[in-house]
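Report on the structure
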Amino acid sequence: MKFAYRFSGLLGTVYRRGNLSFTRDGSALVSPVGNRISLFDLKNNKCETFPLATRLNIVCVGLSPDGSLAILIDEEGAALLVSLIGKCVIHHFYFHKPVHSVSFSPNGKKFVITKDNVALMYHAPGKKREFNAFVLDKTYYGPYDETTCIDWTDDSKCFAVGSKDMSTWVFGAERWANLIYYSLGGHKDIIVACFFEENSLDLYTISQDAALCVWQCDTELDGLKPMPPKDAAGEENAAKNDEEFLDEPKGEEIHGKANPNEQETRNKVKYSRVAKYFFNKEGDFNNLTSAAYHKKTHLLVTGFASGIFHLHELPDFNLIHSLSISDQRIASISINCTGDWIAFGCSGLGQLLVWEWQSESYVLKQQGHFNSMVSLAYSPDGQYIVTGGEDGKVKVWNTSSSFCFVTFTEHTSGVTAVTFTSNGYVILSASLDGTVRAFDLHRYRNFRTFTSPRPSQFSCLAVDSSGEIVSAGSQDSFEIFIWSMQSGRLLDVLSGHEGPISSLAFNPMKCVLASASWDKTVKLWDMLDSWRTKETLILNSDVLVVAFRPDGKELAVAALNGQITFWDHENAVQTGSIEGRHDLQMGRKELDKITAKQAAKGKSFTTLCYSADGQSILAGGLSKFVCIYNVKEQILMKKFEISCNFSLDAMEEYLDRRKMTEFGSMALIDEGAGGEDGVAIPLPGVKRGDMSYRHFKPEIRVTCLRFSPTGRSWAATTTEGLLIYSLDSGLIFDPFELDIDITPSNIHKTLHQKEYTMAIIMALKLNEKKLIQEVIEAVPSNEVDVVCSSLPDLYVEKVLEFLASAFEISCHLEFYLIWAHKLLMLHGQKLKTRSVKLLPVIQFLQKSIQRHFEDVSKLCEWNIYNIKYALAISQQRGMKRLAEETSVDEDDLDSDSDYLMQEVHKDSLSS
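Summary of the structure given here. (Residues numbered from 1 in each chain as written. Predicted model: local features only at pLDDT ≥ 70, side-chain atom pairs only at ≥ 80, totals over all residues. Heavy atoms only, no water.)

Some points on the overall build of the chain
- When its secondary structure is counted, the chain shows 12 helices and 59 strands.
- The 911 residues of the chain split such that 51% are buried.
- In the chain, the share of contacts with a sequence separation of at least 24, taken over all contacts with a separation of at least 6, comes to 50%.
- For the chain, the computed accessible surface area is about 43900 Å², with 51% contributed by carbon and sulfur atoms. (Helix = DSSP H or I, 4+ residues; strand = E, 2+ residues; numbered from the N terminus. Buried < 20%, exposed > 50% of the residue type's maximum accessible area, 1.4 Å probe, protein only. Contact = heavy atoms within 4.5 Å. Areas by Shrake-Rupley, 256 points an atom, 1.4 Å probe, with all protein chains shown as cover.)

Spelled out as C-alpha cells, the structure:
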C-alpha cells in the first residue's frame, strides 16, 4: 500500500478569526481558518483549503489587486507571501510585533501594514524574482495608540489610518507639497473603520460607539502638488549618505503632529466635518464591531456585537436594511466588487454567511461544530462524511465540494458516535442525552429514536452489515442495548461487563458483535446464538477501542497501556502487538508540572481504523501525530503531523524557556484579567479549555479516524476541524513490471499500428496517467468489447482503477461507461473471487458513477419538466384561442399577438 497521503482539505471549520476578502472577480471568498486559508468558490459551489499553514492563527489577510498574491499575517507578526495561483509560499517575513491590518494599494505597487501606533509602507512584491520581497519604503508616525484600520484612495496617492486614540490620520503615499499628514478627531471611541469616497479625498470615519463622521476635503485628488524637485534631490542625497553608515537601507520617516502650528498648515489641504450620524437609537448601547463600504454604489454595511447588521446609503445615511444573522458579534464584513454580495464572519460560532442584499437571499450559509468534533463516518461509497460534535449537532459533508449540506439538531446533549448503514441512506447517532437517533438522507428527518428502559448515557454505537440491528453501549449502567431498525423495538440488553462500555464493532462478514470495556476485557457476542458470549478476550489494561479488519478475520484492540494488540477472534489467539506509546510523542501543555516524556507514560491511542485493504492500521490519540502501522510486519510505516499551529496547547515537546520566570510560567498570567481576581488555573483533566478565560488555548488531539471505503483518502476529527488526507498520485513515478522496451515512443508506435491491447498493457506498466488516458481514448468505441476480452486479468483491476479516477475529471462520460460496463460483464465472475481485495476499487468506481448519475438525473428531470411545461402552455393557448373566436371580437393588436404566440408554439413543437 502507498503512503503518499497529502493534506487535501479541511471541513467542519469555515471561519475562525481575521478579515474576509473577496477575490478580484468577486466570485470567490478567502476565509482564514485557524492557521490556514480556505477559498470558497461561490459560482461552482466548492471549497478548497490551501496546503500551507502559518505557525499561529492568522489575524489578517491582504489580497493584491490582480488576485495573484496574498499576505497572511499571524498573531505574533510572522508573515507569509502566498501565490493564490500556485497555492505555495513564496516568501517569509517577520514584523516583530502583532499586526492589526494589511492593505494593498489599488495600483498594486505598495502595501501598508499597521502595528503598534505606526503605519509601515512597503514596496509590493513584483513579477520578477527578488532577494527580498518586502522592501520598506516609508514609516508613518502620528497616532498615540494602536492603529486599527487602513483605506486607500482610488489612485493610490493617499491612505487613511484609524487608531484606538479616537483619531484618524490621512497620509500621502508620496511627499505631496500640500498633504503630508492630516489628523481628524470628532469621535469618542476607538475608530473601527475609515473609507474614502470614490475618486475623492472626502472621508467617512466610523467609531466603536456607532457614530459616523462625514469629512469633506477642500482639494480634489488632482489638486495634490508634488514636492519641489530641489528638496527631493536633497533628501535623496541625505538618505544615500545615511545608508553608507547603516547595514540595511531604512525607509523614509514621516512624523505627524496632532496640533500643527499655523505656518505648517498654510497652503495645505483642509478637512471639515459636514455631518455626524448615530446608528444606535437612544438608550441602545450596541457596540459597532466591523464595517465595509462599496465606493461605486455608496453602500455602507456595519456589523454589531449583538449580531445585527445595517445597510445604509451614503452620504445621506438612508437605511436600506436592518437584519440579525445571529446572536454573536460580527467579526468581519466584506463586499464583492459588484456590490451584490456581502460576506459576514462570526468568530464566536464559527459562522460564514454570504448574503445577496437585493434579493434578500443567502448565497452561502456555513457553520462548523461550535465545540470540538468527536466522531465521524464515511458513507459506503465515500462520497459523504457525517460528523458528530459536543454541541449535539450531526452534520453531513460532501467530500467533493467540502460543504455541509444538512445539519440535524435533535440531540439535546453531546454526540458520542455516528455511523452510516450499509445502504448509505441512513445515519445513526448516539448521544449522552440517552437516545440513539436514525436520520433519513432522502427526506432529511429523524425517523427513529431508540431509547433504553432506564435513562443511560450512550458512549458508543455499532450497526450490523445488513443495517437491521443497532447496538449502543452505556457509560453508566455497563450494559449493551440491541434494537431493531425496522420496528424500533428494544430486542435485548446484554450485561456481563463490569465497567463502562468504551467501544462496539460488528464483524463485517458474520453476525458477531465485539464490545470493549474498562474492565480489561473484550467480549464477542453471537447474534445467531441468542446473543450469548462466544469468547472473552482478557487484556492487561483497560480497553479503549476495538476494530474489525474489512474481511472480518482479525480484531485490533487498543488499551490504556498504549499497546495495540491483534487477535484471531475465531480461536481467541493473540497474533501480534504494537507498542505505540513512543510513537504518540506527546506535547507538553503550558501548565504541566511534568515533562512531555513523563506525561506520555500514561497516554494511549484512543481511535483505531483499518485501511480499506486491511494491510495497515491507522491510530491516533491525544497528540498531534497520526501513525500508520503495517499489521503483518507490526512496524511504523509513517507518521503524519496533523497540525503545526502553536496557538493550540500541547504542541511543543519542551516548554519555551523565555516564558519561564522565577515565579513560574507566563501562561499562568491571565491576560487582561486585572489584579483583583488573581490567576484562574483550570481543573486537572480539562481537555477543551474554558471558553470564559481571556487566555484560552484548546489542546491538540485526534478524536476519531476513518479510512475512506475507496482507499484513496482518510479523515481525522481534530481540535482544528475535520482534516482529509488523500493519495497524491500526480507526483509519483510508480511503474509496474517495467522493462527496457517500455517507453512513451514505443507505446505511441504500438498505438499507431492499432495494437490497442498491447498499447494499454505497456501504458499500465509505465503507469503514467496522461499516457494511459491517451491510449484508452484512442481505442474506437466499436472495438472496446474486443480489447476488454483480450485484457489479462492482472490488468483489468488497473484499468478499473484508472476509469474510476478518470470519471472525476473527464467529459467523455458515455465512452468510459462503455469501458466499465464491458469490463465488468466480461470479467465479473473472475473479479468476484477476489472481491475483498478489489472492494476499494469497485467502491471508488461506484462513487464516481453515482456522482455523475445524480448530476445528469437532475439535469434530465429539469429538462423533462421544462418540455412538459412548454407542451402544457401550448395546448392551453390553443384552447384559449378557440374559445375567443366564438366570443366577441377583440382588438386587432391582441388577436395578432395571440396568433403570433400560437405560431411560435407550433414551430417549437414541430422542431
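Topic: the pattern of salt bridges
- Taken as a whole and judged by the stated rule, the model has 17 salt bridges.
- With a shortest N-O distance of 3.1 Å, Lys 164 and Glu 146 are connected by a salt bridge. Taken together, the residues span a long stretch of sequence, with Lys 164 in the loop between β15 (158-163) and β16 (168-172) and Glu 146 in the loop between β13 (135-141) and β14 (147-152) at a distance of 18 residues.
- For Asp 440, the salt bridge is made with Arg 443, and the minimal N-O distance between the two is 3.4 Å.
- In this structure, a network of salt bridges that share partners links the residues Lys 110, Asp 137 and Lys 138. (Salt bridge = Lys/Arg side-chain N within 4 Å of Asp/Glu carboxyl O.)

Some details on the packing of helix α5 (residues 744-752) against helix α6 (residues 756-766)
- At a closest axis distance of 8 Å, the pairing of α5 and α6 adopts a crossing angle of 160°. It follows from the interaxial angle that α5 and α6 lie roughly antiparallel. Note that α5 runs across α6; the crossing there is left-handed. Of α6, the residues touching α5 (which contributes Pro 744, Asn 746, Ile 747, Thr 750 and Leu 751) are Tyr 756, Met 758, Ala 759, Met 762, Ala 763 and Leu 766.
- Partitioning the contact of α5 with α6 into residue classes produces nine nonpolar, two polar and no charged. (Axes fitted to C-alpha atoms, helices over the stretch in contact; angles between N-to-C directions. Parallel < 35°, antiparallel > 145°, perpendicular 65-115°, else oblique. Left-handed = near helix turned anticlockwise from the far one by under 90°. Nonpolar A, V, L, I, M, F, W, Y, C, P; charged D, E, K, R; others polar.)

Regarding the sheet that holds strand β34 (residues 404-408)
- Read from one edge of the open sheet, four strands run β31-β32-β33-β34, paired in antiparallel fashion. Every interior strand has two partners, whereas the edge strands, β31 (373-378) and β34, have only one. Adjacent strand axes in the sheet meet at a mean angle of 20°, parallel and antiparallel pairs treated alike.
- Here four bridges tie strand β33 (residues 394-398) to β34, and the two strands are oriented antiparallel to one another. Note on β34: the bridge partner recorded for Val 394 is Phe 408. (Pairing = 2+ DSSP bridges.)

Quick word on the side chain of Thr 387
- As for its position among the elements, Thr 387 is in strand β32 (residues 384-389).
- At a separation of 3.0 Å, a polar atom in the side chain of Thr 387 contacts the side chain of Trp 397.
- What Thr 387 contacts, discounting residues up to four positions off in sequence, is His 369, Met 373, Ser 375, Leu 376, Lys 393, Val 394, Lys 395, Trp 397, Val 418 and Leu 722. (Polar contact = N/O pair within 3.5 Å; in protein donor to acceptor, adjacent residues only side chain to side chain.)

Things to note about helix α7 (residues 769-778)
- For α7, every residue scored as buried is listed here: Leu 771, Ile 772, Val 775 and Ile 776. Relative to the axis of α7, the buried residues are bounded by an arc of 125° and lie together on one face.
- Each element contacted by the buried residues of α7 is listed here: α5, α6, α9 (793-809) and α10 (813-833). (Arc of directions from axis to C-beta.)

What to know about α6
- Counting buried residues along α6, 10 of its 11 residues qualify, which places the element largely inside the surrounding structure.
- On the buried face of α6, the contacting elements are α5, α7, α8 (784-790), α9 and α10.
- Count one or two residues on from α6 and you reach Asn 767, which has phi positive near 60°.

Thoughts on the packing of aromatic side chains
- In this structure the tally under the stated criterion is 45 aromatic pairs.
- Aromatic side chains Phe 104 and Phe 111 sit 5.5 Å apart centroid to centroid with 45° between the ring planes, which places their arrangement in the tilted category. Neither Phe 104 nor Phe 111 differs from the other in exposure class; each is buried.
- Aromatic side chains Phe 111 and Phe 134 sit 5.2 Å apart centroid to centroid with 70° between the ring planes, which places their arrangement in the edge-to-face category. Separated by 23 residues along the polypeptide, Phe 111 in strand β11 (residues 110-115) and Phe 134 in the loop between β12 (118-123) and β13 bring together distant segments of the chain.
- Residue classification places Phe 111 among the buried positions, given a relative accessible area of 0%.
- In this structure Phe 134 comes out as buried when scored by relative accessible area, which is 2%.
- Taken together, the aromatic side chains of Tyr 5, Phe 7, Phe 640, Phe 707, Trp 714 and Tyr 725 make up a single cluster linked through ring pairs.
- Taking the ring centre of Phe 7 as reference, the NZ or CZ of Arg 36 above it sits at 4.0 Å.
- The ring of Phe 50 carries the charged tip of Lys 87 above its face, separated from the ring centre by 5.9 Å. (Phe/Tyr/Trp six-rings, centres within 6.5 Å; stacked < 30°, edge-to-face > 60°. Lys NZ or Arg CZ within 6 Å of the ring centre and 35° of its normal.)

Let's talk about the sheet that holds strand β20 (residues 211-217)
- Taking strand neighbours across the sheet as the criterion, the four strands line up as β18-β19-β20-β22 in an open arrangement whose pairing is antiparallel. Looking at strand neighbours, the two that pair on one side only are β18 (191-196) and β22 (271-278), the edges of this open sheet. Recorded for the sheet is a direction-independent mean angle of 20° between the axes of neighbouring strands.
- Strand direction decides the pairing type here: β18 and strand β19 (residues 203-207), joined by five bridges, are antiparallel. Counted as the bridge partner of Cys 194 is Thr 205 from β19.

Regarding the side chain of Glu 720
- Looking at the secondary structure, you find Glu 720 in the loop between β58 (713-718) and β59 (722-727).
- Here Ser 643 takes part through its side chain, which lies 3.2 Å from a polar atom of the side chain of Glu 720.
- Within the structure, the side chain of Glu 720 is placed 3.4 Å from the side chain of Asn 645, a separation counted as a polar contact.
- Leave out the neighbours within four places in its chain, and Glu 720 touches Leu 10, Thr 13, Arg 16, Asn 35, Ile 642, Ser 643, Asn 645 and Leu 648.

Observations regarding a nonpolar patch on the surface
- Taken together, the side chains of Trp 862, Tyr 865 and Tyr 869 define a hydrophobic patch exposed on the protein surface, amounting to about 410 Å² of accessible area.
- The topology assignment puts Tyr 865 in helix α11 (residues 835-886). (Patch = residues over 30% accessible without salt bridge, like charges linked within 9 Å, V, L, I, M, F, W, Y side chains within 5 Å.)

Description of the pairing of β58
- The buried fraction of β58 is high, at six of six residues.
- Counting the residues that bridge the hairpin from strand β57 (residues 702-707) to β58 gives five residues, and of these Gly 711 lies at a positive phi of roughly 75°.
- With five bridges joining them, β58 and β59 adopt antiparallel strand pairing. Bridge pairing in β59 links Trp 714 to Tyr 725.
- Here β58 hands over to β59 after three residues, with Gly 721 in that stretch at a positive phi of 140°.

Looking at the environment of Ser 713
- One can find Ser 713 in strand β58.
- Along the primary structure Ser 713 and Ser 726 are separated by 13 residues, whereas in three dimensions their C-alpha atoms are 4.1 Å apart.
- Those residues in contact with Ser 713 that sit more than four places away from it in its chain are Tyr 5, Tyr 378, Phe 707, Ser 708, Ile 724, Tyr 725 and Ser 726.
- Only 3.5 Å separates the side chain of Ser 713 from the side chain of Tyr 378, close enough to count as a polar contact.

Section: unusual backbone geometry
- Between Leu 314 and the following residue, Pro 315, the backbone shows a cis peptide bond with an omega angle of 5°.
- By secondary structure assignment, the location of Pro 315 is in the loop between β25 (308-313) and β26 (318-324).
- Of note in the backbone geometry, Ser 402 takes a positive phi value of approximately 65° without being a glycine.
- Residue placement: Ser 402 occurs in the loop between β33 and β34.
- Even without being glycine, Lys 520 reaches a positive phi, approximately 70°.

Quick notes on the nonpolar core
- Counting 39 residues, the largest nonpolar core has Ile 760, Ile 776, Val 799, Trp 819 and Leu 823 as the members making the most contacts within it.
- Of all elements in the fold, only α5, α6, α7, α8, α9, α10 and α11 reach the threshold of two or more residues within this core.
- Of all the elements, α9 adds the most residues to this core, at nine residues.
- With near-sequence residues (within four places) excluded, Val 799 lies in contact with Ile 760, Leu 764, Ile 776, Leu 791, Trp 819 and Leu 823.
- Among the nonpolar cores identified, the runner-up in size contains 22 residues, and Tyr 5, Cys 609, Leu 618 and Tyr 725 belong to it. (Core = buried A, V, L, I, M, F, W, Y, C linked by side-chain atoms within 4.5 Å.)

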